[in-house]
Amino acid sequence: MLEDIVSIPLPVEETLRIRKNVIRNGEGKRICVVTGIHGDELEGQYVCFLLTRILNRNPELLHGSVEIYPAVNPLGIGSIQRGIPGFDLDMNRTFPGSDTGVMTEFVASALVNDLAGADLVFDIHASNIFLTEIPQVRINELHRDTLVPLARQANVDLVWVHGNSTVLESTLAYSLNAIGTPCLVVEMGVGMRLTGEYGQQLTTGILNLMRVLGIWDGDVQPVSTPIVADTEDEVIFLNARCSGMFMKTKRHGSWVKKGETVGYVFDPFQGKVLEYVNAEKSGLLFTIREYPLVDEGSLMGRILVGGGAAR
Amino acid sequence: MKETVILRTANIYRDDFRLRAFTFGEGEKALCIVGSSRGNEYQQIFMCSRVLQRLKKLEAEGRFEENRQVMVIPTLNPASMNIGKRFWSIDNTDINRMFPGYALGETTQRIAAAVFEVVNKYPIGIQFTSFYMPGEFQPYIQMIHTGYENPEKARAFGLPYIVVREPRPYDTATLNYNWQIWETDAYSLYSGTTAKISVQGAEVAVDAVERFMICNHILKGTPAPAADVRIFHYDDLLTVRTNCSGLYHNLVPQNARVTAGQALAEIIDPCTGEILETVYSPADGVIFFRYDDPLIYAYTSSFKILREDA
């Protein structure tokens, strides 16, 4: 059943609607799957499709509620823009919003209010158009104890517990976790594209967690055990030393050795390699740059080293 | 006036990215002024250019006090201004959400770090800032409440309004906030507009900066008479939100004194011309902010009113 969370008339012959699909059987727990906060991140679309199809085909196996929000920034998705069109604001910096605030704050507040009280929320992202990521859950260290046990069951390859930052307090996940509604932030794949196997992998993880929460009786494929990178583990950031075009030579998810080349920056004018991008330490290349153009400083990859990578 | 390049980075297909700074006077660092940090802050770079012209004239007249040096950085983001984009040209990040920066980080973090390394050495900082929505403000000084701010010192600008605002999470990465945290007296000066040039607004700002410099013994002279100053909290402003979306038509000028119940604006159905909503003033006061764009959404702050009795 489709329900409107927000319905606001736009200036000319259109209404902004943020909708969810409520699939319910019985009075059990409630999980929510949210995606599309960033209009250029589409990987969650395939997860919503797969999960809804499974639930539609097997309604008797559900013993609770699954609420699916495929497009919480519909104008951004509809215009291939990351932020909220018309405001040039990152929606994931507007939470928890305010029900007496301006439109962006009102929408943020309505979404938080609607999700509040859920037993588990997935907020699915796809990095951005520049980077490709292995399926991972990112957790603010403040909520480690609640979320890491859940994330271990989500069939992702990596769980990254990162340090707190004041700026992140404006995110949907922070706002929900702060009020006691557990929210897992998933990053996987790349912006503006769908990666079929990642969608299937995460859908299995969601079904597994539904089983753990006691609202799914269906069969679930075995889930993998993720690497858990805690804050004491080291993540090496590979930043471009010059402007040019980046060609990757290693896939994300590769294990790389110290000194190994993961890509290079080249100059098409001169036919020269400007910079070889080498791993400073051995570890898991969990992020790699996808968009070729780089400025000095552009992120080209992340390598997990230390305890997490060794486990 | 001396000119220096505080940051230069090469780009494969575009010209080098370079930030210029202009210094006046000699000796001890006294004041740093930063103009636009976004690509659509035309008024802010214009204000800086006017300040630069004024300081050039004052320097030629020998008006600088001994051992006082002032730096002006007109823009932190020429690359975005040249292509009509508000944020960074490639990844759309906001330089004014990257402070204090990180020299080994991503591009805009590096720009912020290079800039902060320079501007952080000044005991007083003024940033010409903008509001994210289209519209006009009263010229005013804003200070973020960090515990380090001192609104009384802002009286030296001679502007009629000084506003203190509570920080939001994103503020912790702005230049103003970090200046304060690192013990620079930081002021944000709003001159009225962002993407439209207001000559009058810029002149008000330039006069305010000159007055501030005289009061702080950076320039010789007698300060011009100051306006009556109201110091208040940003939350004291009465926000008038719209209920409808449509074509937007203001009925009162910016800075107007309005009375409770007075019609302030109309929202019109773009196709039928029917008036969907008339926006009324909820109180007696002065129009502090007025929205100004052909289209408006529902739940938008169309006005901010400073109440007479606030």
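Since this is a predicted model, take the numbers as computed values, not measurements.

Colleague: Would you mind showing me how to read the overall build of chain B here?
Modeller: A tally of regular secondary structure across chain B gives five helices and 18 strands. A compact globule built from 310 residues would reach a C-alpha radius of gyration of about 19 Å, and chain B, at 20 Å, matches this within 12%. In terms of its C-alpha atoms, chain B occupies a principal-axis envelope of roughly 60 × 50 × 35 Å. In chain B, which comprises 310 residues, the proportion classed as buried is 55%. Relative to all contacts within chain B whose residues are 6 or more apart in sequence, the contacts with residues 24 or more apart total 68%. With the model as given, the accessible surface of chain B reaches about 12,900 Å², and the carbon-plus-sulfur share is 49%. Averaging the locations of the 31 positively and 36 negatively charged side chains of chain B gives two centres separated by 5 Å.

Colleague: Can you walk me through the domain arrangement of chain A in this structure?
Modeller: Note on interface size: it is often stated as the accessible area lost on association of the parts. Residues and elements named next belong to chain A. By the assigned domains, chain A splits into domain 1 (2–229) and domain 2 (234–310). The gap between the C-alpha centroids of domain 1 and domain 2 is 29 Å. Taken together, the 15 residues of domain 1 in the interface contact 18 residues of domain 2. Carbon and sulfur atoms supply 68% of the area buried between domain 1 and domain 2, which totals about 1,300 Å² over both sides. In this assembly, domain 1 and domain 2 are joined by one salt bridge. The salt bridge partner of R302 is E133, with a shortest N-O separation of 2.9 Å. One can count eight residue pairs in polar contact (both at pLDDT 80 or more) joining domain 1 with domain 2. No other element matches the six residues that strand β6 (residues 131–140) contributes to the side of domain 1 that touches domain 2. A class-by-class count of the residues in the side of domain 1 that touches domain 2 yields 11 nonpolar, two polar and two charged.

Colleague: What is the right way to read the sheet that holds strand β17 (residues 295–296) of chain B from this model?
Modeller: Each strand in a sheet pairs with another by means of backbone hydrogen bonds, the pair being arranged parallel or else antiparallel. Sheet architecture is open: four strands sit in the order β15-β14-β12-β17 (chain B), paired in antiparallel fashion. In this open sheet, the two strands that pair with only one neighbour each are β15 (275–280) and β17 of chain B.

Colleague: How do you make sense of the sheet that holds strand β1 (residues 2–9) of chain B when you look at a structure like this?
Modeller: Residues and elements named next belong to chain B. Spatially, nine strands are ordered β1-β2-β4-β3-β5-β9-β7-β8-β10 in an open sheet, and the strand pairing comes out mixed. The sheet is open, and its two borders are formed by β1 and β10 (230–233), each paired with just one other strand. Strand-to-strand twist across the sheet, computed as the mean angle between neighbouring axes with direction ignored, equals 20°. Sheet topology note: the strand β7 (residues 140–144)/strand β9 (residues 185–190) ladder contains three bridges and is antiparallel. The residue of β9 that forms the bridge with Q142 is S188. Each of β2 (17–26), β3 (29–36), β4 (68–75), β5 (124–128) and β9 touches helix α1 (residues 42–60); the most contacted strand, β4, lies at about 150° to it. Contacting β3, β4, β5 and β9, helix α5 (residues 199–215) runs over the sheet at an angle of about 175° to β5.

Colleague: What exactly am I supposed to notice about the packing of α1(B) against α5(B) here?
Modeller: Residues and elements named next belong to chain B. Interhelical geometry of α1 versus α5 gives an angle of 50° and a closest axis separation of 9 Å. It follows that α1 is oblique to α5 by the angle criterion. Read as a crossing pair, α1 and α5 show a hand that is right-handed. Between α1 and α5, the residues in contact are Q43, F46, M47, R50, V51, R54, L55 and L58 and V199, G201, A202, E203, A205, V206, D207, E210 and M213, respectively. Looking at side-chain class alone, the contact of α1 with α5 contains 10 nonpolar, two polar and five charged residues.

Colleague: What exactly am I supposed to notice about the interface of chain A and chain B here?
Modeller: The interface is formed by 38 residues belonging to chain A together with 34 residues belonging to chain B. Here chain A meets chain B over a buried area of about 3,000 Å², counting both sides, of which 62% is carbon and sulfur. On the chain A side of the interface with chain B, the three residues burying the most area are A:P11, A:D295 and A:E296, jointly 19% of the side's total. In this structure, B:R168 engages A:E105 in a salt bridge whose closest nitrogen and oxygen atoms are separated by 2.9 Å.

Colleague: I'm lost on the domain arrangement of chain B in this one. Help?
Modeller: Residues and elements named next belong to chain B. Domain annotation of chain B identifies domain 1 (2–233) and domain 2 (237–307). The distance between the C-alpha centroids of domain 1 and domain 2 comes to 30 Å. In this assembly, 14 residues from domain 1 lie in contact with 15 residues from domain 2. Summed over both sides, the interface between domain 1 and domain 2 buries roughly 1,300 Å², with carbon and sulfur atoms accounting for 61% of that surface. Among the residues domain 1 hides against domain 2, the three largest losses belong to P134, E136 and Q138. Together they make up 42% of the total. Where domain 1 packs against domain 2, one counts two salt bridges. Across the domain 1-domain 2 interface, the total number found is seven residue pairs in polar contact (both at pLDDT 80 or more). Here the side of domain 1 that touches domain 2 is built from residues that sort into eight nonpolar, three polar and three charged.

Calculation notes
- Residues numbered from 1 in each chain as written.
- Chains lettered and ligands numbered in written order.
- Predicted model: local features only at pLDDT ≥ 70, side-chain atom pairs only at ≥ 80, totals over all residues.
- Heavy atoms only, no water.
- Helix = DSSP H or I, 4+ residues; strand = E, 2+ residues; numbered from the N terminus.
- Rg over C-alpha atoms; globule rule 2.2 N^0.38 Å.
- Buried < 20%, exposed > 50% of the residue type's maximum accessible area, 1.4 Å probe, protein only.
- Contact = heavy atoms within 4.5 Å.
- Areas by Shrake-Rupley, 256 points an atom, 1.4 Å probe, with all protein chains shown as cover.
- Lys, Arg positive; Asp, Glu negative; His and termini not counted.
- Charge placed at Lys NZ, Arg CZ, Asp CG, Glu CD.
- Domains from an automatic or database assignment.
- Buried area = accessible area lost by both parts, 1.4 Å probe.
- Salt bridge = Lys/Arg side-chain N within 4 Å of Asp/Glu carboxyl O.
- Polar contact = N/O pair within 3.5 Å; in protein donor to acceptor, adjacent residues only side chain to side chain.
- Nonpolar A, V, L, I, M, F, W, Y, C, P; charged D, E, K, R; others polar.
- Pairing = 2+ DSSP bridges.
- Axes fitted to C-alpha atoms, helices over the stretch in contact; angles between N-to-C directions.
- Parallel < 35°, antiparallel > 145°, perpendicular 65-115°, else oblique.
- Left-handed = near helix turned anticlockwise from the far one by under 90°.

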